[in-house]
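# Examination of the molecular architecture
So you can see what is in the structure, the chains are spelled out below.
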Amino acid sequence: MADYNFREVEQKWQSYWESSKQFEAKVDATKPKFYSLDMFPYPSGAGLHVGHPLGYIASDIVTRFKRLKGFNVLHPMGYDSFGLPAEQYAIQTGQHPAITTEENIRRYTAQLKRIGFAFDWSKEVRTSAPNYYRWTQWIFMQLFDSYYDLQADKALPIKSLTETFEQAGNTTVQAVCDDDTETFSAAEWAAYSERRKQEILLKYRLTFLAETTVNWCPALGTVLSNDEVKDGFSERGGHPVERKKMMQWSMRITSYADRLLRDLETVDWPEPVKEMQRNWIGKSTGAEMVFQVEGHPLQIKVFTTRIDTIYGVTYLALAPEHEYVELLTTDTERETVEAYVETAKNRSERDRMSDVKTISGAFTGSYAINPFNGERIQIWIADYVLAGYGTGAVMAVPAHDERDYNFARHFNLEIRQVIEGSMEEGSFPGKGGTIMNSDFLNGLEMQAAMNKAIAFLEEKKIGKGKIQYRMRDAIFTRQRYWGEPLPVYFKDGLPYLIDEKDLPLVLPEVDKFLPTEDGAPPLGRAKNWTYQVQGQEYPLELSTMPGWAGSSWYFFRYMDPANEREFVGRQAEKYWGSVDLYIGGAEHATGHLLYSRFWTKFLYDLGYVSIEEPFRKMINQGMIQGRSNFVFRKKGTNTFVSAGLRHEYDTVPMHVDVNIVYNDQLDLEAFKQWRPDLADASFILEDGKYLCTAEVEKMSKSKYNVVNPDDVIERYGADTLRLYEMFLGPLEQFKPWNTNGIDGVYKFLRKLWKLYFDTNGQLAVTEESPSKEESKALHKAIKKVEEDIDRYSFNTSVSTFMICVNELSALKCNKRAILEPLLVILSPYAPHIAEELWQQLGHETSIIHATYPEAKEEFLTEDTHEYPVSINGKMRAKITLPLDLSKEEIEKQALANDALQKWLDGKSPKKIIVVPGKIVNIVV
Ligand code: ANZ
């Protein structure tokens, strides 16, 4: 084989890897394991663009490297294949989402295979496949059948809860449950009807059905989770989202809040992602207390982080959705209150929080009593109080809280400082107002005052210390078709699980993928969507699971995807354990990455898995941006002006397909064929060329800057693509796709190839011993590449390879002892060419089974030094000399140097300073 024919080489090795099952991972206790996971893709209709494989290439390099280092590697790939786009497409075209999804997966797989990934395709999972989602349904059932026991600090089977109820009622039970859970004795429990018992259990179950305020997106016809809503619009599609009360399934993720927070300390993740999770969980330590309403049997419960400011409370404020609003509104205030509540209802939480200019609220007409001093205080309704946080009510201390202050100023309410002068660090500085002296808390430090106030609350049984989390329970249903059906049927309006033997509950066929006429989800269209128990038919749940269900546990399934008895076999799970390297986008910080941690902890509690954290190490790859090209149309014509001349005409810029531009030069023929309206285009050229300008933008179809990896592979091959994607810059950085440098990478591979062959295309590798320089070039690279991979710095390795090959080419190196290890260290990056040359060198087994060479220190120490030589402080020449020369010899050699002679201009030096191994300084 004379020339580097990447097409032949890459096809050959890809089919060899596939047919010989090189990457099939098996449990092997004799070897250390390495589990490398990529965030699996949603197979969209557009296929892969060059940005998608970036992270996969990085993880592929790491896994191929780990194999060379003796690790047993699991490196799987699969598809997160339930989701909205396929369903939106189905609504428009009538095409079943299963068919579109299948087609897209086929295309994705073909694209991925062409890049030469060392994926274990035998482990592929698809979240939309019944044999996968039967286990998603099964996990849902375990959650339904569990509660969170606070004493054990873990999830336990609901059965142990009912046993306690039977013996002692719920007075001794310490468990996470709804706030409105009543207390009952064993006798009362025994006397409850079946229905009542089920209602009570729903208040404890880790997945439960309850009326919840949700983000409702009318355009998508579904509820969205908080992390799917950005600034009041749906993340997908950008449709408006409103708040609405609906019966919804939720996951009691808040039970795990503290563990989710605590265990962040045990994982090696980018700090910004950890910080986002901490904020999302939002732990606040404070107190909860009640205020008696004057003339009502009602008590208003508030959550405060500053109970020490209790003497500065001048009003209470409720969220507009608070359940007491109507009861507390007096007749004189009714009209104002109702009008206000109506407008507040349609504003999103975020708007209400962030909008400081339009402070709005209303007085209810009612009063409450401050139990610390018996004072009467007004009860208001205010925008800035959120229904979903704390108790949905606040004790307002305008002198010490900025939002309270703004509100009080706006409505002219009293502002009363508790402590004179400047407040403690970090709190809002009191702004004027009367100063209240309370003997009770006066003179105490903040923490001491809080402790004393909390003790008072507990003694009077009107409150207690409380830890509050910002995180909400996660809504778990979507009113859509293309998702996992919930394994639930309804009897007397209450949910029951179907029998485990009836799993999977397969998604039924429907005539249309739209809601029914009376607004029920699409599953309402399915015929016989019922469940039979003892000859009776019961309706099945019509909502499906959200997108995050299947992705919350896929990393377990990869370990043992064909298992029909368990979601993962014990042995496989114990062996592979946590993911050693997870590469994916940072956009999943508060969604997928939190839900996966939650489910893992839950499965751990029940003893199904051995790990508490799924992803030990994570890296977020940066996005590859598009590099758009522009042409310049002479206004009102079909004439296009080359970039350098555009200011001489009246032109407008126009995006042009980057795939018909090479090094910013437009392919004129391709341009004419690009769109029918351009067929008769004419051009004003500069130097016979049409040049385009370029700009970095998001990679998107509408900007014609999407680059398909298939096209790059077609032109240059997969090895070039892989090296080039890494060469673009540090993995974590955002960077534009700029093909201008790709030729350089391609040339590098051809240069590498040439090292192995003579001009006749004959293998020309000798068994001679290498020279010191040759060994040095190689061993420098061995060391650098290993260090780079350990630091996940891939771009620097690519330059290392280039330097090494340049050095070896200059030395005309053709020694096997050098050229063989070179292939091994290159093989993680450019596996096809490495395999081919390895075979050409006579190896019968794949390079995958080689061992990463050791960098030998003896070749790494320098034996020469390049001396910078200065004359009167100015650097005039560089001369390379052996390191073992004496000072005198260095001096002699320097003075004899031709270039320096010129600078000395015949003058004899006054002084020569030589620092061996460093510099030479000459003074004339
Ligand atoms: C009195 C007070 C005095 C407060 C003071 C703060 C400073 P974090 O840290 O975020 O948990 N709050 C409580 N529930 C609220 C709700 N549903 N909507 C809006 N605000 C609410 O904040 C807790 C503090 O935010 C609570 O402590 C309460 O105001 C307010 F000098 O109570 B504070």
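Residues numbered from 1 in each chain as written. Predicted model: local features only at pLDDT ≥ 70, side-chain atom pairs only at ≥ 80, totals over all residues. Heavy atoms only, no water.

## What to know about the site of the ligand
Surveying the vicinity of the ligand reveals 18 residues, the closest of which are Ser284, Thr304, Leu386, Tyr389 and Arg470. Within the side chain of Thr304, one N or O atom sits 2.7 Å away from an oxygen atom of the ligand. In the model, a nitrogen atom of the ligand is placed 2.8 Å from a nitrogen or oxygen of the Leu386 main chain. Its free accessible area being 650 Å², the ligand has 86% of it covered by the protein chains. Mapped onto the shell around the ligand, the elements with two or more residues apiece are strand E11 (299-304) and strand E15 (393-396). (Near = heavy atom within 4 Å. Polar contact = N/O pair within 3.5 Å; in protein donor to acceptor, adjacent residues only side chain to side chain. Areas by Shrake-Rupley, 256 points an atom, 1.4 Å probe, with all protein chains shown as cover. Helix = DSSP H or I, 4+ residues; strand = E, 2+ residues; numbered from the N terminus.)

## Structural notes on the domain arrangement of the protein chain
Splitting the protein chain by domain gives domain 1 (22-134 + 551-620), domain 2 (140-268 + 475-539), domain 3 (283-469), domain 4 (624-697) and domain 5 (864-923). Relative to domain 3, the C-alpha centre of domain 1 lies at a distance of 48 Å. (Domains from an automatic or database assignment.)

## Things to note about the packing of aromatic side chains
The tally for this structure, following the rule as stated, stands at 71 aromatic pairs. Seen from their ring centres, Phe82 and Tyr133 are 5.6 Å apart, and the 40° between their planes marks the pair as tilted. In this pair, Phe82 is assigned in the loop between strand E2 (72-74) and helix H3 (84-93) and Tyr133 in helix H5 (residues 130-144), connecting sequence segments 51 residues apart. Comparing Phe82 with Tyr133 shows no difference in burial state: the two are buried. Between the aromatic rings of Tyr554 and Phe555, the centroid separation amounts to 5.9 Å while the plane-to-plane angle is 70°, which identifies the pairing as edge-to-face. (Phe/Tyr/Trp six-rings, centres within 6.5 Å; stacked < 30°, edge-to-face > 60°. Buried < 20%, exposed > 50% of the residue type's maximum accessible area, 1.4 Å probe, protein only.)

## A short note on a nonpolar patch on the surface
Taken together, Ile913, Val915, Ile919 and Val923 make up a surface patch of nonpolar side chains, about 250 Å² in accessible area. Secondary structure elements with two or more residues in the nonpolar patch: strand E36 (911-915) and strand E37 (919-923). (Patch = residues over 30% accessible without salt bridge, like charges linked within 9 Å, V, L, I, M, F, W, Y side chains within 5 Å. Salt bridge = Lys/Arg side-chain N within 4 Å of Asp/Glu carboxyl O.)

## Structural notes on the sheet that holds E37
In spatial order, the strands read E35-E34-E37-E36; together these four strands make up an open sheet with mixed pairing. In this open sheet, the two strands that pair with only one neighbour each are strand E35 (874-882) and E36. Each strand axis lies, on average, 20° off the axis of its neighbour in the sheet, ignoring direction. Relative to E37, strand E34 (residues 864-871) runs parallel, the two being bridged by three bridges. Note that in E37 the partner of Val869 across the bridge is Val920. (Pairing = 2+ DSSP bridges. Axes fitted to C-alpha atoms, helices over the stretch in contact; angles between N-to-C directions.)

## Brief notes about a negative patch on the surface
Taken together, the side chains of Asp884, Glu888, Glu889 and Glu891 make up a negatively charged region of the molecular surface. Relative to the helices and strands, Asp884 resides in the loop between E35 and helix H29 (887-896). (Lys, Arg positive; Asp, Glu negative; His and termini not counted. Charge placed at Lys NZ, Arg CZ, Asp CG, Glu CD.)

## Comments concerning the nonpolar core
Grouped together as the largest cluster of nonpolar side chains are 93 residues, with contacts concentrated most on Phe556 and Trp599. If one sorts the elements of this core by residue count, H5 sits on top with nine residues. Trp599 has contacts with Thr136, Ile139, Leu143, Met251, Phe476, Trp548, Ala549, Ser552 and Trp553, leaving out every residue within four places of it along the chain. Ranked by size, the runner-up nonpolar core spans 89 residues in total, among them Leu721, Leu731, Ala777 and Leu778. (Core = buried A, V, L, I, M, F, W, Y, C linked by side-chain atoms within 4.5 Å. Contact = heavy atoms within 4.5 Å.)

## Here we look at the pattern of salt bridges
For the coordinates displayed, the defined rule picks out 54 salt bridges. The residue Glu714 makes a salt bridge to Arg114 at a minimum N-O spacing of 3.5 Å. Of the two residues, Glu714 sits in helix H21 (residues 709-716) while Arg114 sits in helix H4 (residues 97-114), which places them 600 residues apart along the sequence. Notably, a salt bridge pairs Arg525 with Asp511, separated by 3.4 Å at the nearest N-O pair. With Arg525 in the loop between strand E21 (494-497) and strand E22 (530-533) and Asp511 in the loop between E21 and E22, the pair connects residues that are 14 residues apart, well separated along the chain. According to the relative accessible area criterion, Arg525 is buried, its value standing at 17%. Residue classification places Asp511 among the exposed residues on the basis of a relative accessible area of 59%. Each of the salt bridges in this network shares a partner with another, and the network as a whole consists of Arg259, Arg262, Asp263, Arg597, Lys601, Asp605, Glu612 and Glu613.

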